[in-house]
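One-letter residues, chain by chain:
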Amino acid sequence: MLSTGGTAIFDEEMISEFYERELITEVVGELKAGKEAQVFVCRANPQTGYGLLAAKVYRERSQRAFRSEADYLEGRSSLRRGRSRGASVTRAIDRRSRVGKELLSATWVRREYEVLVRLHRAGVPVPAPLACAEHAVLMQYLGDEEASAPRLVSAALDQQEAGRYRAVLLAAVAEMLREGLIHGDLSPYNVLMFRGGPWIIDLPQCVDAAVHPDGLRLLRRDVTNLTRHFAHYGLPDDGDAVSERLWDAYMRADL
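Right, let's walk through the structure included here. (Residues numbered from 1 in each chain as written. Predicted model: local features only at pLDDT ≥ 70, side-chain atom pairs only at ≥ 80, totals over all residues. Heavy atoms only, no water.)

## Quick notes on the side chain of Asn190
If you trace the backbone, Asn190 turns up in the loop between strand E6 (181-182) and strand E7 (191-194). Overall, Asn190 belongs to the buried group, its relative accessible area being 7%. Separated by 2.9 Å, the side chain of Asn190 and the backbone nitrogen of Ser187 make a polar contact. Residues contacting Asn190, with those up to four places away along its chain left out, are His183, Asp185, Trp199, Ile200, Ile201 and Asp202. (Helix = DSSP H or I, 4+ residues; strand = E, 2+ residues; numbered from the N terminus. Buried < 20%, exposed > 50% of the residue type's maximum accessible area, 1.4 Å probe, protein only. Polar contact = N/O pair within 3.5 Å; in protein donor to acceptor, adjacent residues only side chain to side chain. Contact = heavy atoms within 4.5 Å.)

In structure tokens, the structure reads:
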């Protein structure tokens, strides 16, 4: 069952906008608590077409817990130097002042929402985004009343299933790259198994392939994490070759 107590402590004002827009009616329980965010399962307003939704609430001015924040900020012009951001805002983010941390937190939230919108429209298997607030993203919930969908890392697959899911995920990585995006932290831990297939989650650190100076390395890491996992099922551990082919096709605009 989903947790309805214990660590599920947060300022409900952070998702008040979702109530006001009549997208949710109540918080059912906590799904996941991490260093940078908590995820809560919410009862959806029937008009949304969903029974349950997931609200990912970022901790206010939290210290980021991604593998290496510098990996994702470097080269992300849309994040650090967007048209609406002046030099003072950029300096505040760079210096990690109190204001800078607040701006950075809000930027990660908005980034995840925008990436979800873009990839969902492109047909990539990601949760459908519904709304974004200052500190939270409301999205499709992958699971049911009893539990969330299992992660790929813990799924029991036969070789045929593994081969099929590997192909789906590599195609998703290619489609993301076609959209000019690289997940940057993709692994079997942030792929959920839902409705007979894999779904990619946790996208705020997604980088722009066209401007990131180390895009190929991040792409190679994503692809290798996947191929190495599926190698346990007797499938090729060819992450380097696959990522090189994808990158070459991307650079030639031939994806």
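## Quick word on the packing of helix H6 (residues 159-178) against helix H7 (residues 215-230)
Each pair of packed helices can be described by the angle between their axes along with the distance between the axes. Relative to each other, H6 and H7 sit at 175°, their axes nearing to 10 Å. Here H7 runs roughly antiparallel to H6, going by the angle between their axes. Here Ala162, Tyr165, Arg166, Leu169, Leu170, Val173 and Leu177 of H6 come into contact with H7, specifically with Leu219, Val223, Leu226, Thr227 and Phe230. Split by residue class, the contact of H6 with H7 holds 10 nonpolar, 1 polar and 1 charged. (Axes fitted to C-alpha atoms, helices over the stretch in contact; angles between N-to-C directions. Parallel < 35°, antiparallel > 145°, perpendicular 65-115°, else oblique. Nonpolar A, V, L, I, M, F, W, Y, C, P; charged D, E, K, R; others polar.)

## Re the sheet that holds strand E1 (residues 24-33)
The 5 strands lie next to each other as E1-E2-E3-E5-E4, forming an open sheet whose pairing is antiparallel. Every interior strand has two partners, whereas the edge strands, E1 and strand E4 (129-132), have only one. Across this sheet, the average inter-strand angle for adjacent strands is 25°, counted without regard to direction. (Pairing = 2+ DSSP bridges.)

## Observations concerning helix H8 (residues 239-251)
Between its terminal C-alpha atoms H8 stretches 18 Å, which fits the 18 Å expected from 13 residues at 1.5 Å a residue. Among the residues making up H8, those that are buried are Gly239, Val242, Ser243, Leu246, Trp247, Ala249 and Tyr250. Looking straight down H8, one finds its buried side chains confined to an arc of 160°; they lie on one side. Opposite the buried face of H8, at more than 90 degrees from it, the exposed residues are Arg245 and Met251. Here the buried face of H8 lies against H6, E6 and H7. Note on H8: the residue one or two positions beyond its end, Ala253, has a positive phi of about 55°. (Expected span 1.5 Å × (residues − 1). Arc of directions from axis to C-beta.)

## As for the pattern of salt bridges
Scanning the model with the defined rule gives 15 salt bridges in all. A salt bridge links Glu179 to Arg118, with the shortest nitrogen-to-oxygen separation between them at 3.5 Å. Of this pair, Glu179 sits in the loop between H6 and E6 while Arg118 is found in helix H5 (residues 98-121), placing the two residues 61 residues apart along the sequence. Glu179 gets classed as partly exposed once you look at its relative accessible area, which sits at 24%. You can call Arg118 partly exposed: its relative accessible area is 36%. One salt-bridge network, in which partners are shared between bridges, spans Glu26, Arg43 and Glu145. (Salt bridge = Lys/Arg side-chain N within 4 Å of Asp/Glu carboxyl O.)

## Focus on H6
Between the first and last C-alpha of H6 there are 28 Å, a value that for 20 residues agrees with the 28 Å anticipated at 1.5 Å per step. Listing the buried residues of H6 in full gives Ala162, Tyr165, Arg166, Leu169, Leu170, Ala172, Val173, Ala174, Glu175, Met176 and Leu177. Measuring from the backbone nitrogen of Gln160 back to the side-chain oxygen at the start of H6 gives 3.1 Å, which picks out Asp158 as the cap. Once H6 ends, the next one or two residues include Gly180, with phi positive near 85°.

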